[in-house]
Every structure is written in structure tokens, then in C-alpha cells.
Amino acid sequence: MQAAGGVRLLALGCVLVLSAQLAESKNSEDIRCKCICPPYKEIEGQIYNQNVSLKDCNCLHVVEPMPVEGKDVEAYCLRCECKYEERSSGTIKGTIIIYLSVLGLLLLYMVYLTLLEPILKRRLFGHSQLIQNDDDVGDQQPFANAHDVLSRSRSRPNVLNKVEHAQQRWRRQVQEQRKSVFDRHVVLS
Amino acid sequence: MAEAEGVSSATPTEEMNGAGNLMDFLDEPIPDVGTYEDFHTIDWLREKSRDTDRHRKITHRSKESIWEFVKSLLDAWSGWVVMLLIGLLSGTLAGVIDLAVDWMTDLKEGVCLSAFWYSHEQCCWTSNETTFADRDKCPQWQKWAELMTGYNEGAGAYLLNYFLYVMWALFFSFLAVSLVRVFAPYACGSGIPEIKTILSGFIIRGYLGKWTLLIKTVTLVLAVSSGLSLGKEGPLVHVACCCGNLFCSLFSKYSKNEGKRREVLSAAAAAGVSVAFGAPIGGVLFSLEEVSYYFPLKTLWRSFFAALVAAFTLRSINPFGNNRLVLFYVEYHTPWYMAELVPFILLGVFGGLWGTLFIRGNIAWCRRRKTTQLGKYPVLEVIAVTGITAILAFPNPYTRRSTSELISELFNDCGALESSQLCDYINNPNMSRPEDDIPDRPAGPGVYMALWQLALALIFKIVITIFTFGMKIPSGLFIPSMAVGAIAGRIVGIAVEQMAYHHHDWIIFKNWCRPGADCVTPGLYAMVGAAACLGGVTRMTVSLVVIMFELTGGLEYIVPLMAAAVTSKWVADAFGKEGIYEAHIRLNGYPYLDQDEFTHRTLATDVMRPRRNEPPLSVLTQDSTTVEDVEMLIKETDYNGFPVVMSRESERLIGFVQRRDLILAIKTARQKQDGVVSNSVVYFTEDAPQIPASNPQPLKLRRILNLSPFTVTDHTPMETVVDIFRKLGLRQCLVTRSGRLLGIITKKDVLRHMAQMMNQDPESIMFN
């Protein structure tokens with residue numbers, strides 16, 4: 001369904017814009033300097049974290065309180081390894097929330113398609129119509145294109161009807177794919 | 001070539017679509033002359049000539065006005081625009097996938113209370129715990145048992161964590177397989193065998209569609225997070241090719257020409273590997289070596305551009321918080337020694353053997369899935385495999401975490417303050433040297449325990465990956481292969497290191513290892529093992545080495561990596577010529593003509609159809625067939641095309657006409673033209689035949705006739721014929737003798753003949 005493609009592109013555009021915006025507003029919590037200091041004499045190994053910027057990312061600014069004093073400070077600091085790290089919490093938050101919403105929408109649509117729609121159709125049209133729309137359309141030609149199968153009667157060319165027909169076409173395509181992959185095992189063993 | 005192939009001015013699509021308003025995209029796409037049926041091969045020569053015609057027309061028109069000139073510039077630049085868009089979208093999707101996988105993998109074990117969207121590492125990012133023992137603990141992130149019952153230790157908490165881990169894994173994989181089943185069945189599997197076939201000229205409609213793209217992205221995250229033994233690199237190539245297909249539809253230069261479209265798809269595959277590994281150059285080489293069929297130099301440059309843009313985009317999203325593209329970037333530069341080539345070559349042999357074992361086991365299992373009852377229960381199969389994987393993986397700390405983290409830990413050398421069990425070496429307290437200069441030390445008990453656990457993890461991974469690859473969810477095999485190799489390599493590395501320490505007076509170690517000096521780096525062995533196993537399975541050579549050194553940044557390790565890759569390829573090739581992707585192509589019967597040489601001495605007459613006991617060739621004559629005859633021929637046979645001869649007596653070849661074009665032309669003629677009835681004569685000549693005026697109006701079909709079909713004589717050796725098919729991308733070839741038409745050879749016949757010559761089942765070739 002090409003509508004889905006358009007909506008999808010829009011969603012992706014949102015992601016790009018969001019991530020660009022969020023990347024610019026740097027939270028002060030999103031930067032840190034991490035200094036790893038190995039054991040020295042009697043002092044055990046320690047890790048120090050501080051939210052300082054790149055120019056302050058060295059042993060003297062980060063290691064507080066300094067466990068040694070005087071001349072030992074230089075020897076201690078020589079062994080320490082300081083790394084500057086950055087992350088973008090806004091991007092992470094935005095990405096996870098967008099992903100969960102897409103997943104949720106897909107799940108809702110899946111529940112609708114598999115459970116609700118047959119029930120609704122049965123209530124509206126009665127039992128006989130349901131048999132006609134059933135999945136078993138009999139022996140079809142193995143790799144027929146979906147648009148050859150679709151009936152061509154179009155009485156009212158308005159938007160709702162077009163959407164309905166597009167959806168029907170998409171569903172038949174998926175059905176064909178499902179037959180090739182799951183039932184006949186012709187493609188993608 | 002007849003101008004039929006170059007006709008782009010009067011295709012029915014253009015006539016009927018007009019300006020194209022919003023509602024038109026909801027209409028069915030009307031098939032026009034020159035498109036292909038699903039599951040058929042394209043005609044490369046026709047596509048190429050259509051493109052040259054289009055280009056010539058644009059160049060000719062560009063001299064007319066400024067607007068036309070601008071249009072010609074836009075046409076020339078459209079290729080680069082498509083590459084840019086592909087790079088941006090692939091990078092974005094890869095970043096989304098990485099972040100989501102990171103979060104959901106940790107979701108199986110616990111949750112971050114302050115902000116639920118943080119993974120374990122991100123949650124504890126701002127913690128102030130300073131002592132080294134506590135650095136992974138922070139109060140904001142709690143395991144499920146702790147959250148629900150308040151207890152952190154004890155058997156009850158362990159069992160509850162175990163139970164919830166398995167439940168989450170089952171939930172994720174159930175969602176994944178349901179989504180694939182309901183929305184996009186083509187989204188399952190790795191995707192690389194099918195993309196290889198598509199790039200060689202096959203059409204699978206919907207395989208690179210928008211729903212497949214959406215579902216593959218979403219379910220890939222679920223599949224990887226559920227703890228199954230699969231990777232995301234192969235599916236990322238599929239995702240990138242879907243992006244390529246998506247953007248091709250924006251420009252008619254690519255959407256209408258299947259040959260040009262495949263150039264874009266080759267470049268998109270390179271972008272896919274580039275974001276999967278953070279290796280742009282490796283991605284281009286992978287596309288060249290593994291995926292693409294025809295790879296002209298122009299595509300090389302464009303692939304590089306797409307791969308670079310994708311890598312930049314991924315870097316700017318920064319999923320791993322440290323400006324690295326991949327989780328296992330290692331930075332050490334310790335040297336290696338010539339004597340170490342022996343264990344590296346041994347690792348190469350292991351990689352080759354494992355590759356053979358995996359390919360044989362996986363193909364046997366997939367064949368069983370195709371042919372027996374097992375294939376009728378895909379959802380149950382996925383749930384069962386996930387359940388087994390989760391239940392067996394939780395107790396072992398090395399398999400409980402995600403495979404990427406495992407590889408990262410195995411690749412990394414033990415630095416200062418490493419608290420993992422692998423680095424539990426006995427320190428000599430009298431040493432005066434600082435500890436990040438790790439000289440060789442004897443292994444402590446933690447290392448031996450870790451070795452046992454790693455050995456168990458190795459066996460587990462070897463067995464479970466055979467059953468996992470090929471299930472009905474997106475699954476790749478790069479990461480599991482690298483994990484197997486990394487585990488084996490690390491074990492060998494630690495063994496060599498301990499041997500060097502305890503026996504440092506042996507001759508080989510005397511010159512190599514000085515006490516207190518850097519000697520053996522087990523992390524390097526893990527890298528070499530990973531490269532060997534990946535090479536054994538996929539049979540990649542150059543691209544593998546380039547990917548590995550782009551992954552690690554260690555240019556000085558090229559020689560060991562090459563040694564291992566070459567050895568594993570030799571060993572694996574001794575058992576079977578095909579890599580995993582070619583094996584899956586053969587299993588599915590795709591019409592993929594391999595690049596291997598054909599060395600048998602058969603002739604064209606041995607392969608051509610019709611054989612002696614078959615009905616004669618169905619041909620059309622140039623001016624004496626009626627419309628009714630044609631329709632009967634189409635209804636009774638299912639050939640894809642018919643030769644056109646001068647007359648049934650002389651049988652001199654005029655040309656070849658495609659079935660699809662015939663059907664469309666006759667249907668259009670019946671609807672549109674007056675006077676065309678079943679008795680009308682169909683003619684392919686330039687001028688209408690001489691008929692009495694009382695006969696119905698004849699129908700001219702010259703525009704759909706291909707006037708230059710490829711022909712060979714009946715004594716042409718099959719070697720040459722196979723070469724022609726492969727180099728030119730033909731679909732069929734006519735066989736003549738002294739100008740008279742004898743028969744036809746199609747690509748399916750060639751493939752079946754090759755299968756027969758190699759004693760394989762010729763009936764397994766299913767497609768044309």
C-alpha cells in the first residue's frame with residue numbers, strides 16, 4: 001500500500017528532524033569525563049566520573065578528592081587514564097518512543113486484521129459473504145500478479161472506495177506472498 | 001534493435017496517467033509494454049538499449065532550450081541524489097535499530113526506574129559510584145526480581161529472573177513471527193541470497209517493497225533482542241536495498257529501467273554493510289565480491305559515496321555514545337610474532353571446518369523444513385527454538401548477554417581494572433611496573449572457570465545456530481559466526497599464553513617471550529578466529545579482511561587476518577565449493593548462473609529444445625498467422641516467447657516476440673482498433689501483406705518484435721553458450737543451422753544442464 005509508504009516517509013522525516021533538534025540541545029548530563037585509576041601503593045582502583053567539558057577532562061580536575069598528596073599526585077595521575085564521553089539522551093528517548101509507537105500501531109492493526117475484521121464482516125454481511133471473501137480462492141496460477149485477480153468493478157470513484165480497493169489489492173499481494181513462503185516453500189525456504 | 005524497445009513516448013502508462021494527482025497512487029499500476037512478470041528474468045540487453053535511447057534523446061533535446069538543458073543536468077545528477085538519500089535513510093534506520101536493540105536486550109533482565117527508555121549502561125551513566133566493584137550497580141536500574149519482590153540475592157530471585165528472561169524472549173520472538181506472517185512474509189530470512197539473485201536479473205515483486213522494509217526493521221529489533229543466535233548484518237543489507245528501491249521510484253530513469261535499478265541496488269547493499277560494521281570500504285568490497293553480479297566502475301564510485309554517507313549519518317546519531325560506529329572497536333597495537341602464525345593457521349583450519357559443518361547442517365535442516373511437516377508450523381518452530389535458546393543461555397553468563405557484547409569482551413585485551421573473569425590473572429605484588437603494561441602472568445582460578453564456560457558456550461552456539469538461521473524471522477549469520485570464532489580464538493590464545501608463561505625456556509618461546517614483556521595477546525587470537533569462521537561460512541576473502549581491520553583499526557594485523565582467511569577458505573573449499581548463500585540459492589532453485597567455469601564438451605544441440613521426442617517448436621509466421629491462432633497458442637502453451645519465422649516451409653528466422661507483449665498488444669488492439677477480429681491476420685513485416693479487400697483488417701505488430709535475437713549454430717560448444725548467457729545476461733538463445741531455426745535454449749535449460757553435469761538434481765531448478 002503506497003499510503004503506508006508516504007506515512008512512513010513522513011515518520012522518518014520526523015525522526016530526522018527530531019534527532020537533529022535534540023542533538024543540538026546538549027544536556028549538561030550528557031557529557032562526562034571518566035578517569036580510571038589503577039591501584040597505587042595502598043590505594044585501591046577507582047573510577048571517577050564528572051560532568052566536565054573536554055578541556056577540563058584530565059586527572060587534576062576530575063579526581064576529587066585526591067587520595068594522595070604532594071609529590072605522589074603526579075605519579076598517581078600518570079597512571080590514570082581519562083576518557084571523554086558524550087551521548088545524546090534526547091535521541092535515545094525520541095528513538096525508543098517512536099519505535100514503541102510504530103510497534104504499537106502495527107500490533108493494533110494486526111489485531112484488527114486478524115480478529116476484529118472477520119467478526120465485523122460477519123455481523124454486517126452475514127455468513128454467505130464471509131465464505132466468498134475467504135482465503136481459499138481455489139487453484140490459482142502459481143505466480144499470478146495480484147492486480148490480475150482483483151475484480152474491476154468500480155461504481156463510485158471516491159476516496160473511501162479507492163482506499164478500500166487499494167487495501168484489498170495489498171491484502172491479496174500479501175496472501176500470495178504468504179502462500180509462496182509459508183505454504184509452498186518456493187521462495188525463502 | 002527495433003524501435004519498439006526504445007518507445008517510451010507512447011507507453012500506455014504515460015498516456016493514461018496524465019498529470020498524476022493524489023488519488024492516482026491508489027489505482028492499480030497498469031502493466032505496460034516492456035515490464036516483466038513476477039519470478040522471471042529480465043532482458044539485460046533490452047534494458048541497456050532502452051537506457052542508451054533515453055540518454056540520447058535527452059542529450060539531443062538539451063540543445064533546444066535552457067529548460068531542457070537543466071533537465072539534462074538533473075538527469076545526470078539524479079544518480080548521486082539517489083545515493084545520498086539511500087545513505088541518509090540507511091544510516092538513520094541502522095541507528096534506530098542499534099538503539100532499540102540495546103534497550104530491548106536489557107529489558108529482558110531489568111528496567112531503568114528513572115527513565116524507562118534507558119538501557120543498563122545508559123541508566124548508570126551518571127551514577128557516582130566510584131569504587132570499581134560497584135561500577136555496574138546503580139540504584140536506578142533494577143532487575144525484575146528486585147523490582148517485584150525486593151530481593152536481589154538468593155535462589156528465589158534467581159529463578160524469578162530466569163523465568164522472566166525466558167518469558168520476555170518468547171514474547172519478543174512471538175511478536176516478530178506474527179508480524180512477519182501477517183504483514184510481510186518476504187521479510188523473513190537473511191535476504192542476501194535473494195538479493196544476489198535479484199541483482200543477477202531476477203524479479204521478485206514485493207521483495208524490496210515498503211511494507212517489507214517497515215516490517216523487516218521492526219521485527220529485526222525484536223528478533224535480535226529475544227536472545228536468539230542471529231545477527232543483524234544480513235537483514236541490514238536487505239533493509240538498505242529496500243531503501244534503494246524506494247528512492248528509485250522517485251526518478252523515472254531508475255524506476256522504468258530494471259538494469260539501472262540494479263546498479264542502485266548494488267550501491268545500496270554496500271551502504272547496508274557499511275552501517276552494519278562501520279566499514280565503508282569493506283561494504284563496497286562486500287557488494288563487489290558477494291552480492292553484485294555486474295559491477296561496472298561507475299557503480300564502484302557511487303557505492304563508495306552511498307556507504308560513506310550512511311556511515312556519517314550513523315555516526316551523527318551516535319548510538320554507542322562514544323563516537324564509534326560499532327560496538328567492538330578495539331584499539332590496542334601490540335605486535336604479533338612470526339611464530340604465532342602457527343596457531344593462526346590452526347584457527348583458519350578450524351574456521352574452514354566449522355564453515356563446512358554449518359553449511360551442511362543448515363542446508364539439511366532447511367531442506368527438511370521445506371519438504372516435511374516441520375514447515376507447516378513456522379510460529380511454533382520459532383517459539384520452540386527461542387525457548388530452548390533462552391533456557392540454555394541464561395545460566396552461562398557468556399551467553400546470557402547479547403552476542404555483540406560477548407564479542408566485544410572477547411576482542412578486548414585485559415587492561416587495568418578489568419573485572420571480568422577472563423582477566424583474573426595472578427598478580428605479582430612485587431612488580432614495579434604499572435599494570436596496564438600487562439606482562440604475561442599465570443592464570444588465576446577465574447580464568448579457568450571462564451574457559452570452561454566459554455567452551456560450553458562454544459558448543460551451544462555451534463549447535464543452535466544451525467537451527468536458527470533460515471527461520472521465518474529476519475536472521476543474519478555474521479555475528480553468530482564471529483562469536484563462534486572469537487570464543488575459539490580466545491581459548492587458543494589463553495592456551496598459548498599460559499604455555500608461553502609456564503614453559504618460557506622452550507626454544508620457540510625463548511626468543512619470543514621475555515619475562516615481564518608483552519608476549520601473547522589473546523584478544524588478537526579472538527579476532528583472527530572470528531575472521532576465520534566468517535570466511536569459512538561465507539567464503540569472503542578480501543572484503544572480510546578489510547571489514548575486520550576497519551572494525552578493529554589494527555593495520556598491523558592484516559597479515560594474521562589474511563593468513564587465517566586464506567586458510568579457512570582453502571580448507572572449506574576442499575569440502576564443498578559453495579558458500580552459505582550459494583547453497584541457499586541452489587536449495588531454492590533460483591535461476592542464478594554462477595561465475596564458475598563450465599568445462600564439459602557438450603554442444604548446443606544437446607541442450608536445445610525441442611528434443612527428439614517432443615512436439616515441434618511453437619513459432620509464429622511473419623504474415624500468415626491469425627489473431628485466433630495466436631490466442632490459441634498463448635492459451636495452450638506457457639512459453640515466455642515465440643520465434644517468428646518467414647514461413648512454415650522455409651523456417652528462416654525473422655525475430656523473437658515476448659509472450660507478455662503479445663498478450664498486451666492483442667488485448668489493446670481488440671479494444672482500441674476497429675475491424676480487428678479473430679480472423680484478422682497478424683503481420684510483423686513493414687508493409688501489410690497483399691490480401692483481398694473482403695478480409696478483415698490485418699494487425700501490425702512489428703513494434704513488439706525483437707529483430708535481433710541472439711542466435712548460435714547447433715555446433716556451438718556449450719562452454720561458449722554458457723559464457724554468452726553469463727556475460728550478456730540473456731534469457732533465451734535461438735539455435736539455427738544454415739539460417740534455419742532448429743530450436744531454443746533458455747536460461748532454465750542451461751541451469752538444468754549444468755546441474756545434470758554436476759550430478760545434481762536438474763528438477764530442482766524451478767524458475768525461468
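Residues numbered from 1 in each chain as written. Chains lettered and ligands numbered in written order. Predicted model: local features only at pLDDT ≥ 70, side-chain atom pairs only at ≥ 80, totals over all residues. Heavy atoms only, no water.

- If you look chain B up in an unreviewed UniProt entry, it shows as Chloride channel protein from Astyanax mexicanus.
- According to the UniProt record, the Sequence similarities (unreviewed entry) comment for chain B is "Belongs to the chloride channel (TC 2.A.49) family." (UniProt positions renumbered as here; feature names shortened; annotations may be inferred.)

- The name given to chain A in an unreviewed UniProt entry is Transmembrane protein 9B, and the organism recorded there is Astyanax mexicanus.
- Looking at chain A in UniProt, the text filed under Subcellular location (unreviewed entry) is "Membrane".
- What UniProt records for chain A under Sequence similarities (unreviewed entry) is the sentence "Belongs to the TMEM9 family."

### Here's the deal with the sheet that holds strand 10 (residues 711–713) of chain B
All names here are of chain B.
Move 1: Ordered in space as 10-11-12, the 3 strands form an open sheet in which the pairing is mixed. Looking at strand neighbours, the two that pair on one side only are strand 10 and strand 12 (740–746), the edges of this open sheet. Mean inter-strand twist for the sheet, computed between neighbouring axes without regard to direction, equals 35°.
Move 2: Along the sheet, helix 29 (residues 718–728) makes contact with strand 10, strand 11 (732–737) and strand 12, crossing strand 12 at roughly 60°. (Pairing = 2+ DSSP bridges. Helix = DSSP H or I, 4+ residues; strand = E, 2+ residues; numbered from the N terminus. Axes fitted to C-alpha atoms, helices over the stretch in contact; angles between N-to-C directions. Contact = heavy atoms within 4.5 Å.)

### Quick word on the packing of helix 23 (residues 542–552) of chain B against helix 24 (residues 558–575) of chain B
Residues and elements named next belong to chain B.
Move 1: As a packed pair, helix 23 and helix 24 sit with axes 10 Å apart at the nearest point and diverge in direction by 145°. Judged by the twist between their axes, the crossing of helix 23 over helix 24 is right-handed. Residue-level inspection shows Leu 544, Val 545, Met 548 and Phe 549 of helix 23 in contact with helix 24, the latter providing Ile 558, Leu 561, Met 562 and Ala 565.
Move 2: A per-class count over the contact of helix 23 with helix 24 returns 8 nonpolar, no polar and no charged. (Left-handed = near helix turned anticlockwise from the far one by under 90°. Nonpolar A, V, L, I, M, F, W, Y, C, P; charged D, E, K, R; others polar.)

### A look at the pattern of salt bridges
Where side chains of opposite charge bring their charged atoms close, a pairing between them can arise.
Move 1: Applying the stated criterion across every chain yields a total of 31 salt bridges over all chains.
Move 2: Close ionic contact of Arg 32 of chain A with Glu 85 of chain A constitutes a salt bridge, the shortest N to O distance being 2.8 Å. Placement of the pair is Arg 32 of chain A in strand 1 (residues 31–37) and Glu 85 of chain A in strand 3 (residues 81–86), with a sequence separation of 53 residues. For the pair Arg 32 of chain A and Glu 85 of chain A, a shared accessibility class is recorded, and that class is buried.
Move 3: With a closest N to O distance of 3.2 Å, Asp 51 of chain B and Arg 54 of chain B form a salt bridge. Taken together, the residues Asp 51 of chain B and Arg 54 of chain B, both in helix 3 (residues 44–61) and 3 residues apart, mark about one turn of the helix. For the pair Asp 51 of chain B and Arg 54 of chain B, one class covers both residues: buried. (Salt bridge = Lys/Arg side-chain N within 4 Å of Asp/Glu carboxyl O. Buried < 20%, exposed > 50% of the residue type's maximum accessible area, 1.4 Å probe, protein only.)

### Brief notes about helix 7 (residues 159–183) of chain A
Move 1: Helix length check: helix 7 of chain A (25 residues) gives 35 Å between terminal C-alpha atoms against 36 Å at 1.5 Å per residue, within 8%.
Move 2: Positive phi shows up at His 185 of chain A, right after helix 7 of chain A, with a value of about 55°. (Expected span 1.5 Å × (residues − 1).)

### Description of the sheet that holds strand 9 (residues 705–706) of chain B
Residue and element names in this part refer to chain B.
Move 1: The strand order across the open sheet built from 4 strands is 3-5-6-9, with neighbouring strands paired in mixed fashion. Two strands close off the open sheet at either side, each with one partner strand: strand 3 (620–621) and strand 9.
Move 2: The sheet contact formed by strand 3 and strand 5 (residues 641–645) spans 2 bridges and is parallel. Bridge pairing in strand 5 places Thr 621 opposite Val 645.
Move 3: Against the sheet, helix 28 (residues 659–672) touches strand 3, strand 5 and strand 6 (653–658), its axis set at about 75° to strand 6.

### A look at the state of the cysteines
Move 1: Under the defined criterion, the tally for this structure stands at 5 disulfides over all chains.
Move 2: There is a disulfide in this structure between Cys 35 of chain A and Cys 82 of chain A, and the S-S distance comes to 1.9 Å. A torsion of 105° about the S-S bond marks the disulfide between Cys 35 of chain A and Cys 82 of chain A as right-handed. Remark: Cys 82 of chain A occurs in strand 3 and Cys 35 of chain A occurs in strand 1; sequence separation between them is 47 residues.
Move 3: Here Cys 112 of chain B connects covalently by a disulfide to Cys 123 of chain B, the sulfurs 1.9 Å from one another. The disulfide joining Cys 112 of chain B to Cys 123 of chain B has a torsion of about 70° about its S-S bond and is therefore right-handed. (Disulfide = S-S within 2.5 Å.)

### What to know about the environment of Leu 188 of chain A
Move 1: Residue placement: Leu 188 of chain A occurs in the segment after helix 7.
Move 2: The class for Leu 188 of chain A is buried, based on a relative accessible area of 7%.
Move 3: Leu 188 of chain A sits 150 residues away from Pro 38 of chain A along the chain, and the two C-alpha atoms are 53 Å apart.
Move 4: Ignoring anything within four residues of it in the chain, the contact list for Leu 188 of chain A reads Val 181 of chain A together with Pro 185, Tyr 186, Cys 188, Glu 194, Tyr 207, Lys 472, Asn 588 and Tyr 590 of chain B.

### Section: the side chain of Arg 539 of chain B
Residues and elements named next belong to chain B.
Move 1: Along the chain, Arg 539 turns up in the loop between helix 22 (522–538) and helix 23.
Move 2: Within polar-contact distance, the side chain of Arg 539 engages the side chain of Asp 573 at 2.8 Å.
Move 3: One polar contact links the side chain of Arg 539 to the main-chain carbonyl oxygen of Gly 576, over a distance of 2.8 Å.
Move 4: Apart from residues no more than four positions distant in its own chain, Arg 539 is found in contact with Glu 289, Glu 290, Ile 359, Leu 534, Lys 569, Ala 572, Asp 573, Gly 576, Lys 577, Glu 578 and Gly 579. (Polar contact = N/O pair within 3.5 Å; in protein donor to acceptor, adjacent residues only side chain to side chain.)

### Regarding the nonpolar core
Looking at soluble globular proteins, one finds that nonpolar side chains tend to be buried together.
Move 1: Ranked by internal contacts, the top residues of the largest apolar core, which has 198 residues, are Phe 183, Phe 411, Met 482 and Met 548 of chain B.
Move 2: Excluding residues that lie within four positions of it along the chain, Met 482 of chain B makes contacts with Phe 277, Phe 328, Ile 407, Phe 411, Ala 530, Leu 534, Met 548 and Leu 551 of chain B. (Core = buried A, V, L, I, M, F, W, Y, C linked by side-chain atoms within 4.5 Å.)

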